[in-house]
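The lines below spell out each chain.
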Amino acid sequence: MLQPERHTLFLPSEEATDALGHLMASHLVPGDTVLLTGPIGAGKSHLSRAIIRARLGRMEDVPSPTFTLVQTYEDPAGDIWHADLYRLSHPDEVLELGLEDAFATAICLIEWPERLGAYAPQDAIRLSLTPEDEGRRATLCFAGRPALAGALNG
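Everything quoted here is computed from the prediction, not taken from an experiment. (Residues numbered from 1 in each chain as written. Predicted model: local features only at pLDDT ≥ 70, side-chain atom pairs only at ≥ 80, totals over all residues. Heavy atoms only, no water.)

## Notes on the overall build of the protein chain
When its secondary structure is counted, the protein chain shows five helices and seven strands. Taken over C-alpha atoms, the radius of gyration comes to 14 Å for the protein chain, in line with the 15 Å a tight globule of 154 residues would show. A buried classification covers 46% of the 154 residues belonging to the protein chain. Counted over contacts in the protein chain with a minimum sequence separation of 6, partners at least 24 positions apart contribute 64%. Separation between the mean location of the 12 positive side-chain charges and that of the 22 negative ones in the protein chain comes to 4 Å. (Helix = DSSP H or I, 4+ residues; strand = E, 2+ residues; numbered from the N terminus. Rg over C-alpha atoms; globule rule 2.2 N^0.38 Å. Buried < 20%, exposed > 50% of the residue type's maximum accessible area, 1.4 Å probe, protein only. Contact = heavy atoms within 4.5 Å. Lys, Arg positive; Asp, Glu negative; His and termini not counted. Charge placed at Lys NZ, Arg CZ, Asp CG, Glu CD.)

This is the structure:
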């Protein structure tokens, strides 16, 4: 198994967060999952919104899926699923949402992934956001993605 790489970036503004979303969007393909962790208000939905808009190539209304649990977006290159699992009470509820199948066929952006339990894809990109000063610190952990690693280092 490949050793995971760890990349840490300071994002001083919303524009910097959008730029990370655009960079990530260009490296995601169907079957990829991004697990977004961080406290309420850390920027998980903001980053997800930036990724979705960059993938779609247009300004799209991207509401937080806090109450709907899952929002899907049709992209000719592969659908995008944006999930907020904060309100789930048991990992088995993931099956009712259809996420297990989406992990194999769509780009999945998952907020509050600790609610997935054992259903969390092992090869997912793990992205933690932590408020810091006026911005946020992003820590990404992943394995086997040399192009993404190069872009983050560049």
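## Quick look at the pairing of strand S6 (residues 125-132)
When strand S2 (residues 33-37) meets S6, the two strands line up parallel, connected through four bridges. Following the sheet pairing, Leu35 is matched in S6 by Arg126. In this antiparallel pair of consecutive strands, S6 and strand S7 (residues 135-142), the connection spans two residues, and Asp133 shows a positive phi of 50 degrees. (Pairing = 2+ DSSP bridges.)

## Some details on the pattern of salt bridges
This model, assessed by the stated rule, comprises four salt bridges. One salt bridge connects Asp32 with Arg145, and the closest N-O pair in it is separated by 2.8 Å. Highlighted residues: Asp32 in the loop between helix H1 (14-25) and S2 and Arg145 in the loop between S7 and helix H5 (146-153), separated in sequence by 113 residues. Looking at Asp32, the relative accessible area reads 8%, which means it is buried. Residue Arg137 is joined to Glu132 by a salt bridge in which the shortest nitrogen-to-oxygen separation is 2.9 Å. (Salt bridge = Lys/Arg side-chain N within 4 Å of Asp/Glu carboxyl O.)

## Some points on unusual backbone geometry
Positive phi, normally seen in glycine, also occurs at Trp112, with a value near 60 degrees. Within the secondary structure, Trp112 is located in the loop between strand S5 (107-111) and S6. When its relative accessible area of 14% is taken as the criterion, Trp112 is described as buried. The phi dihedral of Asp133 falls on the positive side, at around 50 degrees, and the residue is not glycine. Given the relative accessible area of 71%, Asp133 is considered exposed.

## Digging into the pairing of strand S4 (residues 80-84)
Summarising burial for S4: five of the five residues are buried, a large majority. Here S4 shows no split at all, with Ile80, His82 and Asp84 on one side and Trp81 and Ala83 on the other all buried. As paired elements, strand S3 (residues 70-73) and S4 share four bridges and run antiparallel to each other. Looking at S4, one finds that Tyr73 is bridged to Ile80. Hairpin connection of S3 to S4: six residues between the antiparallel strands, including Gly78 at a positive phi of 145 degrees.

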